[in-house]
Amino acid sequence: MRRYLAVGLDAYLCLLAVGLLVRSCLHAGGTGRAIALLVVQLIALSFANQVLLTMAVRASAGKLIMGVRVIRLPDAGRPGFRRLVLRWLYGLLWLPLQPWHRLRGPATAPTRPERPAGCPNEPHEDLAGIRQVRRCDLRSYRAAVEDRTG
């Protein structure tokens with residue numbers, strides 16, 4: 001549930017910030033320019049939140065509020081730039097199309113759904129090998145690993 005609330009907070013904060021920025025530009029040009037500016041600013045803010053902020057503090061704004069951290073699998077390390085960009089593109093381009101693919105798909109689901117190459121095996125695993133965990137669970141994991149090694 002925390003993950004979904006974090007995504008909702010991220011979307012809300014991004015739309016709020018872009019709304020405030022676009023409001024000042026509406027009188028400068030026509031509707032087309034305002035829409036183009038809105039789309040560019042949405043993409044730029046989404047990238048900054050999901051990639052740059054996550055690189056810096058291991059979480060986007062919504063995840064920080066909800067106490068969720070982003071880790072690299074399998075070692076629970078800090079995810080790199082490439083993995084974060086792949087995850088961001090996956091969320092930006094592939095996830096919004098899923099309702100459309102389900103509507104166009106067959107009416108009866110096969111007993112064992114086929115997964116395209118590169119799709120996650122677990123429902124909470126990202127394509128880029130990144131997982132979201134609660135901050136307190138990450139602290140507990142690090143303490144347990146430290147006790148074993150030291």
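All figures in this text were calculated on a predicted structure; none of them were measured in a lab.

### What to know about unusual backbone geometry
Reasoning step 1: In this structure, the amide linkage connecting Leu73 to the following residue, Pro74, adopts the cis form with an omega of 0°.
Reasoning step 2: Topologically, Pro74 is positioned in the loop between strand S1 (68–72) and helix H4 (81–94).
Reasoning step 3: A positive phi angle is found at Ala76, which is not glycine, with a value near 60°.
Reasoning step 4: The residue Ala76 is located in the loop between S1 and H4 in this model.
Reasoning step 5: Classification of Ala76 by relative accessible area gives buried; the value is 10%.

### Points about the packing of helix H2 (residues 31–57) against H4
Reasoning step 1: Packing of H2 against H4 brings their axes to within 9 Å, and their N-to-C directions diverge by 145°. The element H2 and its partner H4 pack so that their crossing is right-handed. Between H2 and H4, the residues in contact are Ile43, Ser46, Phe47, Gln50, Val51, Leu52, Thr54 and Met55 and Phe81, Leu84, Val85, Arg87 and Trp88, respectively.
Reasoning step 2: A per-class count over the contact of H2 with H4 returns nine nonpolar, three polar and one charged.

### Considerations on the side chain of Thr54
Reasoning step 1: When you line up the elements, Thr54 lands in helix H2.
Reasoning step 2: Thr54 gets classed as buried once you look at its relative accessible area, which sits at 0%.
Reasoning step 3: If we skip the residues at most four places from it in the chain, Thr54 touches Asn49, Ala59, Ser60, Val70 and Leu84.

Criteria and cut-off values
Residues numbered from 1 in each chain as written. Predicted model: local features only at pLDDT ≥ 70, side-chain atom pairs only at ≥ 80, totals over all residues. Heavy atoms only, no water. Helix = DSSP H or I, 4+ residues; strand = E, 2+ residues; numbered from the N terminus. Buried < 20%, exposed > 50% of the residue type's maximum accessible area, 1.4 Å probe, protein only. Axes fitted to C-alpha atoms, helices over the stretch in contact; angles between N-to-C directions. Left-handed = near helix turned anticlockwise from the far one by under 90°. Contact = heavy atoms within 4.5 Å. Nonpolar A, V, L, I, M, F, W, Y, C, P; charged D, E, K, R; others polar.

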